[in-house]
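What follows is each chain in one-letter form.
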Amino acid sequence: MAYAEREGLDFIRAIVAEDLRAGKYETIVTRFPPEPNGYLHIGHAKAILLSYGIAAETGGRFNLRFDDTNPETEDVHYVQSITDSVRWLGADFGDEPLFAADYFGQMYDFAEYLVRQGLAYVDSSTDEEIREARGTVTEPGRPTRYRDRPVEENLDLFRRMRAGEFPDGAHVLRAKIDLASKNMLLRDPLIYRIRHAHHYRTGDAWCIYPLYDYAHPVEDAIEGITHSLCSLEFDNNRAVYDWVIDHWQDYVRGQGGTPARPHQYEFARGELEYTITSKRKSLQLVKGGYVSGWDDPRMATLAGLRRRGVTPEALRNFWDRMGVAKFNSRIDIGKLEFAIRDDLNTRAPRVLCVLRPLKVTITNYPEGQTEELDAPFWPHDVPKEGSRPLPFSRTVYIDRDDFMEMPSKGFHRLSPGAEVRLRYAYVIRCDHVVKDDDGQIMELRCSYDPATRGGGTPDGRQVKGTIQWVSAEHGIPCEVRLYDRLFTVPDPEAEEGDFKDHLNPDSLVVVQGAVIEPGVRDDAPGSRYQFERVGYFCSDVVESRPDALVFNRTVTLRDAWARAAEKGAAGSGPKPEKKPKAERAASEAPKPRSKAPAPDVQRSPELEARRARYAGELGLPAEEADLLSRELATSELFEAALAVGAPAKAVANWVIHELPREQGGRTTENLPFSGRELGELAALVEDGTVSVTGARQVLAEMVKNGGEPRDLVASLGLQQVSDPGALAPIVDQVLAANPAKADEYRAGKTGLLGFFVGQVMRQSGGNANPALVSQLVQERLGG
RNA sequence: UGCCCCCUGGUGUAAAGGCAGCACAGCGGUCUUUGGAACCGUUAGUGGAGGUUCGAAUCCUCCGGGGGCAACCA
């Protein structure tokens, strides 16, 4: 992955690339922090692969850290399965996983520090009291009567909590942040609670346990994590994360250390159509016997996928192709299937297996004769070597689906009187259909063409169909498990009622009595194959044995014939309508308004008066008057800028449209320049001294370091060039350098105007008059 | 209901204010001893309305839609 260029990188990798470029970190450290209370699923794979991938690509480190701060739900059994899955995926986390529980001592010490700093307090309210005092989304919270406890009392109580003097729930430790915050999570979050519970790792050493919002940032800081990646729903938690980290830094510095400064970034978790990932619901499937266990090949768990025959590489490629963004979606299951096929195509040797055997007697093949045909394991386009001898005899099995007594149009396999090729063997013709008394087809009597040994047709005749077969005498019976999607609807959890109502009754079809070529008998458990024309399979690691082979279908082959047949079938129409991405089209879309309505903004009388003056006396549009008078700081800035003398409209544009872009995270109050400078900048644009493009560069510099606009224009060399005589040569040069594009433009691709203007602007160092350039380009190109 | 995040073809995504591109799916074709694979071609998109700008998917505003937050879970 090219970190030198950020183009094409997902937004998180772009941030990492930028941090690396800026020298913010020497090495990138990421982590995957599962709670050991369940199995990993395919969505976790995305998170693991993202964090691990970034570390690997940048030569950094990746930690697997168990976030085991809740003794009541966690178990060492999950530690094992999660560790196995992460290793299987190929995410290298060093020798051993890490455990949050190992940091309990440091977390406790830091908590005492917070107490001593007056940043945390022991609240002895009941949980209902705390919840009630927290307020609601529309009302601020209120302090409980313990919020202003003296530091010494807090410290004493906290130490006694830790010493085990109190029962569960008697007290909690809370961070003292802001009870009135619009962000509910900042309303004095709980950071420690009392739980006299046995912890799978620390035993009974602790009876107080830290909560997520406190524990997680501390864990990250202790490990020196640089980029802490998590899913979107933790967005609101980032404010607490940063609060904790900020104080952690003070704490560590106070001890003479140099603290790490991790940052949290959120991305959309990966969800897949036709699967569920909820721990609770998955457990229902397991407990209720709907599946055989957490590693049932139909489960979206990594254990299940693995048993189904999916490789880690397929998963890696899949998630790589999916990318990373901030939009929650459910991914088309077909994309996963593609990635699996794409991977297995070059990985799985081809073998012959007949799922539903139909006996074929080759009447002109000598009774008792056997011969061995050489059959390659790989098709011509897979660059791998190897073949095996395939025994052929007078009686073979073919799949019942490959014979049609009354062939439909376009069917080119076997039917009465027709020819088909037995893969790697001979061309046969069906002479006679043998039926039982009920009319069931029992056997086909065919003749073979000895000249076609190996499958070729020396006479050049066309044999369109080629089918798989197995010698009856040599083939070995086996069980084949055909797995399909577990649910019949793309989003089972979103459906009304019980998600189990949407279980696919055909998600597992067990085929007994299939017959496979003998060569596979002693292959290792878990071996993967393509059963030619059928699909990708692997032998089941748990239940397959040489004398009782069991194969799991990983994925079917893409099947153009089946698709065409389905399409031709009576009125089957387009496939089940997909749920629109978002029911966005409120089709009776109402009221296009010419002017956006001013929202209800509570304004002080003073600001209200200003709004009226901006709209009236200054003649600004209502929307701009509204925007300028919402906050005092903005209004003050505007007024000061106005005093310089530039037109109100121009000044308003800079305050409303240009400043926010450059402002970044800074608040208007904290800008290193005042309204006067902004007004002067606007004036410089008005009198043509600098172009808007150039002025934006000046503004960016002003936001960063302050300064006088006029001086900056000079020092940055941004005096606008509006002389056609000076610009024309550059325009001509750009046009001459891109003759093909010029032709395209003349042919009607007018979108290229922006390209040409952009090129000229770049070559002129950003100080050409863009309107003039645009005009020049259009003149030259006959626009 | 307050705050926060998000919205690009059917699907997943790219484009740091300057050519809307890639992949899957679809459709059509070539090739083929797998109705597989590969290859070629092709359909289709910036939620809406305003604004800023020479130029907007990108910046501003409003509207619409999706998601998150009022656990002593993570």
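What counts and what doesn't
Residues numbered from 1 in each chain as written. Chains lettered and ligands numbered in written order. Predicted model: local features only at pLDDT ≥ 70, side-chain atom pairs only at ≥ 80, totals over all residues. Heavy atoms only, no water. Pairing = 2+ DSSP bridges. Helix = DSSP H or I, 4+ residues; strand = E, 2+ residues; numbered from the N terminus. Contact = heavy atoms within 4.5 Å. Axes fitted to C-alpha atoms, helices over the stretch in contact; angles between N-to-C directions. Salt bridge = Lys/Arg side-chain N within 4 Å of Asp/Glu carboxyl O. Buried < 20%, exposed > 50% of the residue type's maximum accessible area, 1.4 Å probe, protein only. pLDDT = per-residue confidence, 0-100. Core = buried A, V, L, I, M, F, W, Y, C linked by side-chain atoms within 4.5 Å. 1 Å grid on protein atoms, 1.4 Å probe; cavity = no way out; pocket = protein on both sides within 12 Å on 5 of 7 lines; lining within 4 Å. Points joined across faces, edges and corners; volume = space filled by probe spheres on them. Nonpolar A, V, L, I, M, F, W, Y, C, P; charged D, E, K, R; others polar. Right-handed = clockwise from strand over helix to strand, strands pointing away. Parallel < 35°, antiparallel > 145°, perpendicular 65-115°, else oblique. Left-handed = near helix turned anticlockwise from the far one by under 90°. Expected span 1.5 Å × (residues − 1).

## Some details on the sheet that holds strand 12 (residues 350–351)
Pairing between the strands of a sheet is mediated by backbone hydrogen bonds and can be parallel or antiparallel.
So, step 1. If you walk across this open sheet you meet the 7 strands as 12-25-26-27-23-24-13, and the pairing is mixed. Every other strand in the sheet has two partners, leaving strand 12 and strand 13 (353–354) as the edge strands with one partner each.
So, step 2. Here 7 bridges tie strand 23 (residues 476–483) to strand 24 (residues 508–516), and the two strands are oriented antiparallel to one another. When the bridges of strand 24 are listed, leucine 482 appears paired with valine 509.
So, step 3. Helix 12 (residues 333–345) contacts strand 12, strand 25 (528–531), strand 26 (535–539) and strand 27 (549–556) of the sheet and is inclined by roughly 120° relative to strand 27.

## Structural notes on the pattern of salt bridges
So, step 1. For the structure on display, the rule yields 69 salt bridges.
So, step 2. For the salt bridge of glutamate 165 with arginine 160, the shortest nitrogen-to-oxygen distance reads 2.7 Å.
So, step 3. When its relative accessible area of 48% is taken as the criterion, glutamate 165 is described as partly exposed.
So, step 4. Taking the shortest distance from any N to any O, the salt bridge between arginine 461 and glutamate 419 comes out at 2.9 Å. You can see arginine 461 sitting in the loop between strand 20 (441–448) and strand 21 (466–467) and its partner glutamate 419 sitting in strand 18 (residues 419–422), a full 42 residues away along the chain.
So, step 5. Each of Asp295, Arg307, Glu479, Arg481, Asp540 and Glu543 takes part in one network of salt bridges that share partners.

## Describing the confidence of the model for chain A
So, step 1. A residue-level look at chain A finds 95% of positions with pLDDT of 70 or above and a mean pLDDT of 92.
So, step 2. Scored below 50 in pLDDT, residues 570–596 shows 7 contacts in the model against residues more than four places distant or in partner chains.
So, step 3. Taken over the whole predicted complex, pTM reads 0.94, whereas the ipTM for its chain interfaces reads 0.97.

## Describing the nonpolar core
So, step 1. Counting 63 residues, the largest nonpolar core has Ile42, Val86 and Leu285 as the members making the most contacts within it.
So, step 2. Of the residues forming this core, the biggest block, 8 residues, is contributed by helix 2 (residues 42–57).
So, step 3. Apart from residues no more than four positions distant in its own chain, isoleucine 42 is found in contact with Leu272, Ala300, Leu302, Leu305, Leu315, Phe318, Trp319 and Leu336.

## Quick notes on the layout of surface pockets
So, step 1. As a volume, the second largest pocket reaches approximately 790 Å³.
So, step 2. Every residue lining the second largest pocket is counted, 33 residues in all, and those nearest its centre are Pro33, His44, Ser231, Phe234 and Arg269.
So, step 3. Secondary-structure elements contributing two or more residues to the lining of the second largest pocket are strand 1 (29–32), helix 2, helix 7 (212–223) and strand 8 (227–231).
So, step 4. Of all the elements, helix 2 adds the most residues to the lining of the second largest pocket, at 5 residues.
So, step 5. Classifying every residue of the lining of the second largest pocket gives 12 nonpolar, 12 polar and 9 charged.

## Section: empty space enclosed by the protein
So, step 1. One pass over the structure, following the stated rule, counts 2 cavities of 30 Å³ or more.
So, step 2. What lines the largest cavity is a set of 17 residues, and nearest its centre among them are Ile276, Thr277, Ser282, Met299 and Ala300.
So, step 3. By volume, the second largest cavity amounts to about 40 Å³.
So, step 4. The wall of the second largest cavity is formed by Leu390, Pro391, Trp469, Val470, Ser471, His474, Gly475, Glu517 and Pro518.
So, step 5. Residue assignment for the lining of the second largest cavity shows that the elements contributing at least two residues are strand 16 (387–393) and strand 22 (469–471).
So, step 6. A total of 3 residues in the lining of the second largest cavity trace back to one element, the largest contributor, which is strand 22.
So, step 7. Among the residues forming the lining of the second largest cavity, the class breakdown is 5 nonpolar, 3 polar and 1 charged.

## Overview of unusual backbone geometry
So, step 1. Here tyrosine 274, not a glycine, exhibits a phi torsion of approximately 65°, which is positive.
So, step 2. According to the relative accessible area criterion, tyrosine 274 is buried, its value standing at 13%.
So, step 3. Here tyrosine 424, not a glycine, exhibits a phi torsion of approximately 65°, which is positive.
So, step 4. The residue tyrosine 424 is located in the loop between strand 18 and strand 19 (427–435) in this model.

## Some details on the environment of isoleucine 48
So, step 1. Inspection of the secondary structure puts isoleucine 48 in helix 2.
So, step 2. Judged by its relative accessible area of 0%, isoleucine 48 is buried.
So, step 3. When sequence neighbours within four positions are dropped, the list of residues in contact with isoleucine 48 reads Phe32, Leu40, Gly53, Phe62, Val86, Leu89 and Ala91.

## Looking at the pairing of strand 15 (residues 370–376)
So, step 1. Side-chain alternation along strand 15 places Glu371, Leu373 and Ala375 on a buried face and Thr370, Glu372, Asp374 and Pro376 on a face that remains uncovered.
So, step 2. Two elements, strand 15 and strand 16, share 7 bridges in a ladder whose sense is antiparallel. Paired with glutamate 371 across the strands is phenylalanine 392, a residue of strand 16.

## Side note on the pairing of strand 2 (residues 61–66)
So, step 1. Burial runs high along strand 2: 5 of the 6 residues are buried.
So, step 2. Following the backbone out of strand 1, through helix 2 and into the adjacent parallel strand 2, one traces a crossover that is right-handed.
So, step 3. One ladder, built from 2 bridges, connects strand 2 with strand 3 (residues 98–99); its direction is parallel. Looking across to strand 3, one finds that arginine 65 is bridged to leucine 98.
So, step 4. What joins strand 2 to strand 3 is helix 3 (residues 76–89), and the crossover it makes is right-handed.

## Quick notes on the sheet that holds strand 7 (residues 208–210)
So, step 1. Sheet architecture is open: 4 strands sit in the order 4-5-6-7, paired in antiparallel fashion. Where the open sheet ends on each side, the last strands, each with one partner, are strand 4 (120–123) and strand 7. Recorded for the sheet is a direction-independent mean angle of 20° between the axes of neighbouring strands.
So, step 2. Bridge analysis of strand 4 against strand 5 (residues 172–175) gives 4 bridges, and the strand direction is antiparallel. Residue aspartate 123 lies in a different strand from strand 5, and its bridge partner there is valine 172.

## Notes on the packing of helix 23 (residues 752–763) against helix 24 (residues 770–780)
So, step 1. Where helix 23 meets helix 24, the axes come as close as 9 Å, and the angle between the chain directions of the two elements is 125°. Classed by the angle they form, the pair helix 23 and helix 24 counts as oblique. Where helix 23 crosses over helix 24, the two elements pack in a sense that is right-handed. When helix 23 is examined against helix 24, the residues Leu753, Phe756, Val757, Val760 and Met761 are found in contact with a partner set consisting of Pro770, Val773, Ser774, Val777 and Gln778.
So, step 2. By residue class, the composition of the contact of helix 23 with helix 24 is 8 nonpolar, 2 polar and no charged.

## A short note on helix 23
So, step 1. The terminal C-alpha atoms of helix 23 lie 17 Å apart, and with 12 residues this matches the ideal 16 Å at 1.5 Å per residue to within 8%.
So, step 2. For helix 23, the full list of buried residues reads Leu752, Leu753, Phe756, Val757, Val760 and Met761.
So, step 3. As for helix 23, its buried residues are in contact with helix 19 (692–705), helix 21 (724–737), helix 22 (739–746) and helix 24.
So, step 4. One or two positions beyond helix 23, positive phi appears at glycine 765, with a value near 75°.

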